[in-house]
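Residues per chain are reported as follows:
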Amino acid sequence: MIKLRPKFRRNLLQVIPFGIIWLINGWAFLWSEYAVLGGQSVAVEAAIKITPYIAVFASISIFITGCLVGILEVAFMYRFFVNGSFPQKIIGKFLLYGVLFFALIFIFYVLATSIETKTSLFSASVLDQFTNFFFSFTYITIGLQLGFSLIVSLIYAEISDNLGQNVFLNFFTGKYHKPVVEQRIFMFTDMKSSTEFAEQLGHINYFDFLKDYYNDLSDAIIENYGEVYQYIGDEIVISWDLNKKNAVRNSINCFYAMEKDLLKKKDWYLKKYDVYPDFKGALHLGEVTTGEIGALKKEIFFTGDVLNTTARIQGLCNQYPTDLLISQDFLDRLEYKDDFEIDHIGRVPLKGKNESKELYTVLKKA
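Presented here is a report on the structure given in the accompanying data block. If you're wondering where the values come from, they're calculated on a predicted model, not measured in any experiment.

1. Quick notes on the overall build of the protein chain
Next, step 1: Summing up its helical and strand segments, the protein chain has 12 helices and 8 strands in all.
Next, step 2: At 27 Å, the protein chain has a C-alpha radius of gyration far larger than the 21 Å of a compact globule built from 366 residues.
Next, step 3: A principal-axis box enclosing the C-alpha atoms of the protein chain has dimensions of 85 × 50 × 45 Å.
Next, step 4: The buried share among the 366 residues of the protein chain stands at 40%.
Next, step 5: Sequence separation of at least 24 residues holds for 69% of the intrachain contacts in the protein chain that already meet a minimum separation of 6.
Next, step 6: For the protein chain, the exposed surface amounts to about 21600 Å²; the carbon and sulfur share of it is 62%.

As structure tokens, this is what we get:
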């Protein structure tokens, strides 16, 4: 079985829904056009004659077209419109895609007509034939189908981007419509000296600073199969399904990959902001109840003592010479312990909790 890299897999899962959206819309338009025109004697020549071959060919073509839009969206359009508002993104992307599709239709139609009539691409007859096609019912139908599919897929892209891809799919599939008990790993990270940075940079620059910080950590999270649960100020809560293969190792590798990626950009941060966003974190695991919650705003929500405990452990990082603390529960599930330098701190009381926890400092060996 071929194992896909996490980032490629994530991009693929982002692209495929575009193909599905276009395919469903294509089927709907194909059926409606056939229903409207197929039974009219005046339109027998224009009616769509659906055969199994035509249906399969059309479906594949429409799906591929949708996937191509998805590829453009993931690889290019997202970055180009990253700072735009929702209306700006939808309208701007729609116009760009509209120009692109018009250009493609024009080029391929003119080429096909030139080959069929054996005339020059720039002859008046070829351009006149395209003009007639442009104002025909067929072109209007194509334009409506492309436009509607574009609008739906662009709205999907924005909703998915704002909610998070996994959250959107979980809502759509109803996975957590009823509460589910899960075993999960949580990592709480907290930026060091964030209050000082905020005072030094001011609100606007600090906001941009956080955006860059979050963006620079995203690849490490994706590559290690992490799911961002919440951004809370300068804190990030990341989660892994404990039942997934290598989840424990992925979670601890994620921390050090995040640290490594930030270190690569240390000079850039110091040059742009005059500060460097180092961070500390904690890892713990346990049982949670997962489900949809909220009256005015729905979200996928985790409840369980494991979250409070992880937050309390993370709050102790400043007391010990380490950037990462782990619990005994986490250590018990960690494989290949020889890859790490692990020191036992002892049984430590946690703020606001009656129960204390066995904690460890951990450092990845070079």
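2. Remarks on helix α11 (residues 305-314)
Since the α-helix turns once every 3.6 residues, residues separated by three or four places project in the same direction.
Next, step 1: Considered for burial, the residues of α11 that qualify are V306, L307, T309, T310, I313 and Q314. Along the axis of α11, the buried positions cluster into a sector of 165°, meaning they face one direction only.
Next, step 2: Buried residues along α11 sit in contact with β1 (180-191), β2 (227-232), β4 (279-293), β5 (299-303), β6 (324-327) and β8 (356-364).

3. Concerning helix α3 (residues 86-117)
Next, step 1: For α3, which comprises 32 residues, the first-to-last C-alpha distance of 46 Å matches the rise-based estimate of 46 Å (1.5 Å per residue) to within 8%.
Next, step 2: Considered for burial, the residues of α3 that qualify are K89, I90, G92, K93, Y97, F101, V110, T113 and S114.

4. Things to note about the pattern of salt bridges
A side chain with one charge may pair with a side chain of the opposite charge, provided their charged atoms come close.
Next, step 1: Here the structure, examined in full by the defined rule, presents 14 salt bridges.
Next, step 2: The partner of K192 in a salt bridge is D323, and the shortest N-O contact between them spans 2.5 Å. Of this pair, K192 sits in the loop between β1 and α7 (194-201) while D323 sits in the loop between α11 and β6, and the two are 131 residues apart along the sequence.
Next, step 3: By relative accessible area, which is 22% here, D323 ends up partly exposed.
Next, step 4: Between K265 and D216 there is a salt bridge whose closest N-O contact spans 3.3 Å. Of this pair, K265 sits in the loop between α9 (247-264) and α10 (266-272) while D216 sits in helix α8 (residues 203-223), placing them 49 residues apart in sequence.

5. Here we look at the side chain of R184
Next, step 1: Counting through the fold element by element, R184 comes out in strand β1.
Next, step 2: Reaching out from R184, the side chain makes a polar contact with the side chain of S239 at a distance of 2.8 Å.

6. Brief notes about the packing of aromatic side chains
Next, step 1: Here the structure, examined in full by the defined rule, presents 22 aromatic pairs.
Next, step 2: Geometrically, the ring pair formed by F186 and Y229 is edge-to-face, given 6.5 Å between the ring centres and 65° between the ring planes. Of this pair, F186 sits in strand β1 while Y229 sits in strand β2, placing them 43 residues apart in sequence.
Next, step 3: The class for F186 is buried, based on a relative accessible area of 0%.
Next, step 4: Taken together through their ring pairs, the aromatic side chains of F197, Y206, F209, W268, Y269 and Y273 make up a single cluster.
Next, step 5: Its guanidinium or amino end placed over the ring of W268, K265 lies 4.0 Å from that ring's centre, counting from NZ or CZ.

7. Overview of the nonpolar core
Next, step 1: Counting 40 residues, the largest nonpolar core has I185, F209, Y213, I252 and M258 as its most contacted members.
Next, step 2: The contacts of F209, once residues within four sequence positions are left out, are M191, F197, L201, Y269, Y273, V275 and P277.
Next, step 3: In this structure, M77, Y97, L150 and L154 belong to the second largest nonpolar core, which totals 15 residues.

8. What to know about the pairing of strand β3 (residues 235-241)
Next, step 1: Burial analysis of β3 places 6 of its 7 residues in the buried class, which makes it a mostly covered element.
Next, step 2: Direction of pairing for β1 relative to β3: antiparallel, over a ladder of 7 bridges. Bridge assignment links D190 to a residue of β3, and that residue is E235.
Next, step 3: Where β2 hands over to β3, the hairpin turn is made up of 2 residues, of which G233 adopts a positive phi near 60°.

9. Here we look at unusual backbone geometry
Next, step 1: Backbone geometry at Y225 places phi at a positive 60°, although glycine is not the residue there.
Next, step 2: For Y225, the position within the fold is in the loop between α8 and β2.
Next, step 3: A positive phi angle, near 55°, is found at Y336, a position not held by glycine.

10. Points about the pairing of β6
Next, step 1: Neither face of β6 is open: one carries L324 and I326, the other L325 and S327, and all of them are buried.
Next, step 2: Here 3 bridges tie β4 to β6, and the two strands are oriented parallel to one another. Considered in β6, the bridge of G281 is made with L324.
Next, step 3: As judged from the 3 bridges shared by β6 and β8, these two strands associate in the antiparallel manner. Note on β8: the bridge partner recorded for I326 is Y360.

Conventions adopted
- Residues numbered from 1 in each chain as written.
- Predicted model: local features only at pLDDT ≥ 70, side-chain atom pairs only at ≥ 80, totals over all residues.
- Heavy atoms only, no water.
- Helix = DSSP H or I, 4+ residues; strand = E, 2+ residues; numbered from the N terminus.
- Rg over C-alpha atoms; globule rule 2.2 N^0.38 Å.
- Buried < 20%, exposed > 50% of the residue type's maximum accessible area, 1.4 Å probe, protein only.
- Contact = heavy atoms within 4.5 Å.
- Areas by Shrake-Rupley, 256 points an atom, 1.4 Å probe, with all protein chains shown as cover.
- Arc of directions from axis to C-beta.
- Expected span 1.5 Å × (residues − 1).
- Salt bridge = Lys/Arg side-chain N within 4 Å of Asp/Glu carboxyl O.
- Polar contact = N/O pair within 3.5 Å; in protein donor to acceptor, adjacent residues only side chain to side chain.
- Phe/Tyr/Trp six-rings, centres within 6.5 Å; stacked < 30°, edge-to-face > 60°.
- Lys NZ or Arg CZ within 6 Å of the ring centre and 35° of its normal.
- Core = buried A, V, L, I, M, F, W, Y, C linked by side-chain atoms within 4.5 Å.
- Pairing = 2+ DSSP bridges.

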